[in-house]
Amino acid sequence: MAQLVLLFGPPKRDDEPSSSGFCQKLETYLRFAGITYTHKSILPPSAPRGKVPFIQFKGQTVPDSHFAIRFLVSRRQTEDAPFAAHNLDLELTPSQRADTAAWRSYWEDRVYPMVVRQRWFIKENRLHVADESFDTIPWILRPLIVMFFTWRVKGVLNSAGAGRYTDGEVEDVLENALKDLSAKLEVVKIKTGGQRWFHGTARPTEIDAILSGFLLNFLGTKSNPFVNERILRDPVLTEYISQGLGWYPEYQKVRELIKKDH
């Protein structure tokens, strides 16, 4: 019998996206690729390298969503690892693969850190993070846990540079990122006569798992209202998200959120 991939991330409800964009990205890749997995809850301080997600397969631990995907793609097709054939980018051209790398870097290294900054640097948003992510922690301990993670996240973002932007500068980066993606998807749809995936393919590729994963992560929380408001008023983006929801029948709240605004 084939062994399952174990996906480790922060605690989450079964019917909602992960509170971590990178965990949601990796889970979306697993779903798009048809790889059977089980989610296991763990907090970042207890994870390898002190961050999530990571996967385990046959006793081997692979930290980092990017290298987890590379590991899954590189596995030989065997009876106990029947997922090597699900390389989502197998039929892409070198030029398309280069576009994937550029957009992956743009969203992972530029866009997502700005969203995280909005969640943790703005008090009203941080209160939503506390309610959504730490609701199972006893109330007497919750302020200390939130204080610790606030200190930790701010330190990381300040070191990376994202924490040093003003609120207005962050909003400008995020608004333009969403406009860029919407324009890209609209052009692809027109050129291909209706294909809605990033590269104009009939099925999703890795960049679709990345973008869909982050967009689902955004809409799964009330802690980034600036981004969510702009996503929900853009029919191109909501259509793109809706097709990704086809792999997540349990995400009814996100589906209803999109439907409510359209």
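We now turn to the structure provided with this report. These numbers were taken from a predicted model, which means no experiment stands behind them.

### Remarks on unusual backbone geometry
Part 1: Of note, the amide linkage connecting V52 to P53 takes the cis form, showing an omega dihedral of 5°.
Part 2: By the element assignment, P53 lies in the loop between strand 2 (37–41) and strand 3 (54–57).
Part 3: Of note in the backbone geometry, R49 takes a positive phi value of approximately 65° without being a glycine.
Part 4: Within the element layout of this structure, R49 appears in the loop between strand 2 and strand 3.
Part 5: You can call R49 exposed: its relative accessible area is 63%.

### Regarding the packing of aromatic side chains
Part 1: Considering all chains together, one arrives at 15 aromatic pairs under this definition.
Part 2: Here the aromatic rings of F32 and W197 are separated by 5.7 Å at their centres, their planes lie at 70°, and the arrangement is edge-to-face. Remark: W197 occurs in the loop between helix 6 (167–192) and helix 7 (206–219) and F32 occurs in helix 1 (residues 21–33); sequence separation between them is 165 residues.
Part 3: Arranged with centres 5.4 Å apart and planes meeting at 35°, the rings of F134 and F149 form a pair that is tilted. Note that F134 is positioned in the loop between helix 4 (123–133) and helix 5 (142–160) and F149 in helix 5, a separation of 15 residues in sequence. By the burial criterion, F134 is buried, and F149 matches it.

### Concerning the pairing of strand 1 (residues 5–9)
Part 1: The element strand 1 is extensively covered by neighbouring structure, given that four of its five residues are classed as buried.
Part 2: Summarising the sheet, strand 1 and strand 2 pair through five bridges and their orientation is parallel. Across the sheet, residue F8 finds its bridge partner in strand 2, namely K40.
Part 3: Taken together, strand 1, helix 1 and strand 2 form a β-α-β motif whose crossover is right-handed.

### What about the packing of helix 6 against helix 8 (residues 225–232)?
Part 1: Interhelical geometry of helix 6 versus helix 8 gives an angle of 25° and a closest axis separation of 10 Å. Judged by the inter-axis angle, helix 6 sits roughly parallel to helix 8. Crossing angle aside, the handedness with which helix 6 passes helix 8 is right-handed. Across the interface between the two elements, E171, L174, E175 and L178 of helix 6 pack against F226, V227, R230 and I231 of helix 8.
Part 2: For the contact of helix 6 with helix 8, the class distribution of residues is five nonpolar, no polar and three charged.

### Notes on empty space enclosed by the protein
Part 1: Within this structure, the stated rule accounts for one cavity of 30 Å³ or more.
Part 2: A volume near 60 Å³ is recorded for the largest cavity.
Part 3: Taken together, L185, K189, R196, V236, E239, Y240 and Q243 make up the full set of residues lining the largest cavity.
Part 4: Of all elements in the fold, only helix 6 and helix 9 (235–244) reach the threshold of two or more residues within the lining of the largest cavity.
Part 5: The biggest single contributor to the lining of the largest cavity is helix 9, with four residues.

### Quick notes on the sheet that holds strand 4 (residues 60–63)
Part 1: With respect to topology, four strands assemble into an open sheet ordered 2-1-3-4, the strand pairing being mixed. Every other strand in the sheet has two partners, leaving strand 2 and strand 4 as the edge strands with one partner each. Averaged over neighbouring strand pairs, the angle between their axes works out to 25° when direction is ignored.
Part 2: Running over the sheet, helix 1 touches strand 1, strand 2 and strand 3 and is turned about 160° from strand 1.
Part 3: Where helix 2 (residues 65–74) meets the sheet, it contacts strand 1, strand 3 and strand 4, and its direction lies at approximately 135° from that of strand 4.

Conventions used here
- Residues numbered from 1 in each chain as written.
- Predicted model: local features only at pLDDT ≥ 70, side-chain atom pairs only at ≥ 80, totals over all residues.
- Heavy atoms only, no water.
- Helix = DSSP H or I, 4+ residues; strand = E, 2+ residues; numbered from the N terminus.
- Buried < 20%, exposed > 50% of the residue type's maximum accessible area, 1.4 Å probe, protein only.
- Phe/Tyr/Trp six-rings, centres within 6.5 Å; stacked < 30°, edge-to-face > 60°.
- Pairing = 2+ DSSP bridges.
- Right-handed = clockwise from strand over helix to strand, strands pointing away.
- Axes fitted to C-alpha atoms, helices over the stretch in contact; angles between N-to-C directions.
- Parallel < 35°, antiparallel > 145°, perpendicular 65-115°, else oblique.
- Left-handed = near helix turned anticlockwise from the far one by under 90°.
- Contact = heavy atoms within 4.5 Å.
- Nonpolar A, V, L, I, M, F, W, Y, C, P; charged D, E, K, R; others polar.
- 1 Å grid on protein atoms, 1.4 Å probe; cavity = no way out; pocket = protein on both sides within 12 Å on 5 of 7 lines; lining within 4 Å.
- Points joined across faces, edges and corners; volume = space filled by probe spheres on them.

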